[in-house]
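Observations on the three-dimensional arrangement
If you want the building blocks of each chain, they are given just below.
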Amino acid sequence: MMAIETGATRRSPNIRNYALALLVGTTLAGLPQAAFAQETGEDAAQTTATESDPAAEPQATSARQGDTIRTISVRGVQRLEPQTILSYVRLRPGDEYTTAAADQALKDLAATELFESFTIRNDNGAVLIDVVENPVINRIILEGNDRLDSDKILPEIKLSPRQIFTRSKVRADVARIIELYKRQGRFAATVEPKTVELSQNRVDLVFEISEGPKSRVQQINIIGNDAFSDGKLKGEMVTKETGLFSFLSGNTSYDPDKLAFDQQKLREFYLTQGYVDFRVVSAVAELTPDRRDFIITYVVEEGERYKFGDVEVTSEIRDFDGDALTNNLTIQEGDWYDAKRIEDTVEQLSELAGRFGYAFADVRPQFRRNADDLTMDVTMVINEAPRVYIERVDVNGNTLTQDKVIRREFRSAEGDAFNSLAVNRTTARINSLGYFQEGFEVEQRETASPDRIILEANVEEQPTGELQLSAGFSSIESFLFSGSIRQRNFRGRGQTIGASAQISRFSNSVNLSFTEPYVFDRNISLGADIYRRDVNSFNLQNRDQTRYQQVTTGGSVRLGVPLTEYASLVGSYTLNYDQVTVDENEFFNDFDGDGIRECEPLLASRFICDTLGNRTSSILGLNFTYNSLNSFYRPTRGERLTLGLDYAGLGGDVNYVRVRGQGAKYWPIFGDFIFSLQAEGGYIKGLKDRGPGRDDVLLTDRFFLGEPQFRGFDIRGVGPRVLRQPIIDDGDGNPLVVTDRDRNSDDAIGGNAYYLGRAELEIPLGTGARELGLRPSIFLDVGALFNVETPQLQNSPFPDGISFQLRDANGNPLFIDGSGLATTDTTDDDGNPLSPLERTIQPFQEIFLGNSAAPRISVGIGVNWNSPFGPFRIDLAHVIRKEPGDDTKTLSFNVGTQF
């Protein structure tokens, strides 16, 4: 009798872990390898195979041949059907049983990866296949993953609960997890899979992860560069070296994809500098000896530097004169060769062709190298193309927004000649609505006719309703709270409706607004606002002391019409009811004893007393606006100009004319730097004579200047002001004026004219800082506030000041009773006269300062930060020129948050 038996016993959990460890390259001594032995007679020749090495070749030394398989049976199955297992092997009843056939059967069973162990025994033609099935996965557990969330790892794992455990799939999942960590820059990460045995042949699969440190780029070496320094070339790369300020640039982690991208960036840079033969010979990334970081070495060949030779344009389109286009090219013979300028020229010519209706104009540059004189001739060839007309305009994807809201933004209509400028403008206008996905573009689709095109607006709507509650802190008003609700696409008609309220230390306001951008489907806008504003004016040197309170209740309507694609004219009418008051107990008095209490200039200053009262303002306004900015929130290119004229006097109690203007221009320089110039100014002229020593414009209608408009100065810190300076005894009975600003009362009275100019350079940072929302800038501010009538100044005598008897609200004089309380009785219970209740004004003098058009100048640095708490702005300014009386401020900030 001859028997060939393959046997393996069920492994303990430890042995199973050892076998799994082999998957990640761990060599463990003492594990059984596949072995085959041959026995004759009553002894059995055994062939042993384990799944720890399923590819092991059976090593049968000899076997008795010629047995015919009578029966084949299967033992040990739990989930699988015996017939299924028999289908995996090629042994069949009636076949001759040989060693080779048994070996092949073992390999077939191992290839299924369904079994933990298996044996084949031949007993005189009765073949028994004995199997132990692989366990079923109960759950998958991740351990040690602190830097990478489980919800990012689990989708990459192909194994899942209720699947059959196989080591090849575990090996693949280990590789996927490690690859995830490599993408995060953690090349030292290791993953060790383990199993925990459960009942009913189930296991928990555990991936023990050692994440290791993040692999960064410690050093970048460049070999072969002569024309440019290492620092210059490193600045062109996305990948940055780890250093003291690397947190600002980010991109210090090693990424093979970035390595390839940086090679392309180097080539692009050299091509813009005239090195047409530049190439990167090799780029090698090596781990440091501690296997924590990488050192990247580039070997480059710069080649010769070329200049532009003959540059010309040839056109196969009859509407374009090649010679005329050549004369208008910005590229000139003798300039250093620049591939970027070539790309820009191709784009400009394509854009030009598009403006004349050639939507599919093909502009191709042809190059001819002259190695002798190191020049590159360039010919821009505009190939023939048909003029294209718009066959149809389609709008798709809008479920809420009405078609007309989108179509009215199109600058081209069906039947018009195609114009790329009009298409680009259409894209910008639809994007500016804010109703649809970012990056929307009008698509151009060809038709069966070569001279027809279809314009498609495939939009994806996004929420346009806004509900915002915010709290914040500013250096101007301390804590502030606000709330607003707004719908920018009300009923899908493009209308805007909103309500807002704000509460802060010195102001409260509520506002309701409505805007219809297209009245009766015509390009005319109509809007209305109703509001109430409550503002307290404080003493600049003591902000706990309120000087006067102004409550404005009113509303406005406005009507706008477009003049051109970028210009519009808006007319408005505003009706305000103002109530200006002061604390009567603090600033009212009756010196004459006639029972009439009035604002006392000795207490409140003459200019404040002149402002008190209730009045109505009826204002007509006209505003011209030109706006070609590429972004409303963060412009980088374009211009904005606003001119406004207001006339108050169509009824009401005030009469003035006010003119204001604002302008700004933005453009990128030196790559990603954004330079801007801004200017604004205004003038107001009172049309009603208010008498000598009194300005014709009320205090509440004048301009004020300071923080936050003018950095480096406090709120209302620029321009005309009245200082009330105490007078004290110097110890010898002589008057001494206190000039310390902290002990003076400082009241800004505004001006009738102002100007303000700003020059600012926004400095680009690396990707890491941009992702944090950091945008630093340096700035120069110049401005002034002036042109106000010198107010009537007040002074009190020295040394006694002024004393007067206080009276109640009915004008009755007040006295002090025996308990120290105020009373209107003139005598006590015994008939003795009571002392009058008096108030003494400390001696003081008032001086008028700051009414000068001389420029105030400040310079500084500032940072905008889109912080987790909300938008944050901080400015550090230094005033290099000011006028007497101006209040400066070095540091100012503003921060808010949403919740």
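Structure's up top.
These remarks concern the structure in this document. Values in this document were obtained by computation on a predicted structure and should not be read as measured data.

Here we look at the overall build of the protein chain
The number of helices and strands found in the protein chain is 16 helices and 47 strands. Considering the protein chain as a whole, with its 899 residues, one finds that 42% of them fall into the buried category. Counting only contacts in the protein chain whose residues sit at least 6 apart along the sequence, the fraction spanning at least 24 positions is 62%. Split by element, the accessible area of the protein chain, about 45,900 Å² in all, is 50% carbon and sulfur.

Points about a negative patch on the surface
A cluster of acidic residues, Asp310, Glu312, Asp321, Asp323 and Glu333, forms a negative patch at the surface. Considering the arrangement of structural elements, one finds Asp321 in the loop between strand 15 (307-315) and helix 9 (322-327). Note on Asp321: relative accessible area 46%, which makes it partly exposed.

Regarding the sheet that holds strand 40 (residues 815-816)
One open sheet holds the three strands; their spatial order is 41-40-42, and the pairing between them is antiparallel. Strands with a single pairing partner mark the edges of an open sheet, and in this sheet they are strand 41 (822-823) and strand 42 (835-836).

With respect to the sheet that holds strand 13 (residues 279-287)
Neighbouring strands of a sheet are bound in pairs by backbone hydrogen bonds; such pairs are parallel or else antiparallel. Read across the sheet, three strands follow the order 12-14-13 without closing on themselves; strand pairing throughout is mixed. Lying at the two open borders of the sheet, with one neighbouring strand each, are strand 12 (217-223) and strand 13. Geometrically, the sheet is characterised by an average inter-axis angle of 15 degrees between neighbouring strands, direction not taken into account. Direction of pairing for strand 12 relative to strand 14 (residues 294-301): parallel, over a ladder of six bridges. Following the sheet pairing, Asn221 is matched in strand 14 by Thr297. Where helix 8 (residues 256-272) meets the sheet, its contacts fall on strand 13 and strand 14, and the angle it forms with strand 14 comes to roughly 30 degrees.

Quick notes on the side chain of Thr401
Secondary-structure assignment places Thr401 in the loop between strand 18 (389-396) and helix 11 (403-407). Among the polar contacts listed, one links the side chain of Thr401 to the side chain of Glu461, at a separation of 2.4 Å. Each residue touching Thr401, except ones within four places of it in the same chain, is listed here: Ile406, Tyr435, Phe436, Glu461, Asn489 and Gly492.

Brief notes about the side chain of Asn134
Turning to its location among the elements, Asn134 is positioned in the loop between strand 8 (126-133) and strand 9 (136-143). A residue is classified by how much of its surface remains accessible, and Asn134, at 0% relative accessible area, is buried. Looking at Asn134, its side chain comes within polar contact range of the main-chain nitrogen of Glu116, at 3.3 Å.

Let's talk about a nonpolar patch on the surface
Nonpolar side chains collect at one region of the surface, where Val557, Tyr573, Leu575, Leu620, Tyr647, Leu650 and Leu687 lie side by side and expose about 580 Å² of accessible area between them. Mapped onto the nonpolar patch, the elements with two or more residues apiece are strand 27 (567-581) and strand 31 (638-652). Topologically, Val557 is positioned in strand 26 (residues 542-562).

Here's the deal with the packing of aromatic side chains
Considering all chains together, one arrives at 15 aromatic pairs under this definition. Measuring from ring centre to ring centre gives 6.5 Å for Phe115 and Phe118, while their planes differ by 75 degrees; the resulting arrangement is edge-to-face. As far as the burial class goes, Phe115 and Phe118 line up, both buried. With centroids separated by 6.0 Å and ring planes inclined at 75 degrees, the aromatic side chains of Tyr435 and Phe436 adopt a geometry described as edge-to-face. Side by side, Tyr435 and Phe436 carry an identical accessibility label, which is buried. Taken together, Phe228, Phe269, Tyr270, Tyr275 and Phe278 form an aromatic cluster joined through their ring pairs. Over the ring of Trp336 we find Arg305; its NZ or CZ atom is 3.8 Å from the centre of that ring. Here the basic side chain of Lys307 rests over the ring of Trp336, its NZ or CZ set 4.8 Å away from the ring centre.

Looking at the pattern of salt bridges
In the structure shown here, the tally under the stated rule is 37 salt bridges. Between Arg721 and Asp746 there is a salt bridge; the shortest N-O distance is 3.2 Å. Within this pair, whereas Arg721 is found in strand 34 (residues 721-729), its partner Asp746 is found in strand 36 (residues 745-748), the two being separated by 25 residues in sequence. Judged by its relative accessible area of 0%, Asp746 is buried. Among the charged side chains, a network of salt bridges with common partners joins Glu391, Arg392, Asp394, Arg445 and Glu456.

Quick look at helix 12 (residues 420-433)
Count 3.6 residues to each turn of an α-helix, and residues three or four apart come out pointing the same way. Counted at 1.5 Å a residue, the expected span for helix 12 with its 14 residues is 20 Å, and the 20 Å between its end C-alpha atoms agrees. Burial in helix 12 covers these residues: Ser420, Ala422, Val423, Thr426, Thr427, Arg429, Ile430 and Leu433. Immediately downstream of helix 12, the backbone of Gly434 shows phi near 75 degrees, a positive value.

Conventions adopted
- Residues numbered from 1 in each chain as written.
- Predicted model: local features only at pLDDT ≥ 70, side-chain atom pairs only at ≥ 80, totals over all residues.
- Heavy atoms only, no water.
- Helix = DSSP H or I, 4+ residues; strand = E, 2+ residues; numbered from the N terminus.
- Buried < 20%, exposed > 50% of the residue type's maximum accessible area, 1.4 Å probe, protein only.
- Contact = heavy atoms within 4.5 Å.
- Areas by Shrake-Rupley, 256 points an atom, 1.4 Å probe, with all protein chains shown as cover.
- Patch = residues over 30% accessible without salt bridge, like charges linked within 9 Å, V, L, I, M, F, W, Y side chains within 5 Å.
- Salt bridge = Lys/Arg side-chain N within 4 Å of Asp/Glu carboxyl O.
- Lys, Arg positive; Asp, Glu negative; His and termini not counted.
- Charge placed at Lys NZ, Arg CZ, Asp CG, Glu CD.
- Pairing = 2+ DSSP bridges.
- Axes fitted to C-alpha atoms, helices over the stretch in contact; angles between N-to-C directions.
- Polar contact = N/O pair within 3.5 Å; in protein donor to acceptor, adjacent residues only side chain to side chain.
- Phe/Tyr/Trp six-rings, centres within 6.5 Å; stacked < 30°, edge-to-face > 60°.
- Lys NZ or Arg CZ within 6 Å of the ring centre and 35° of its normal.
- Expected span 1.5 Å × (residues − 1).

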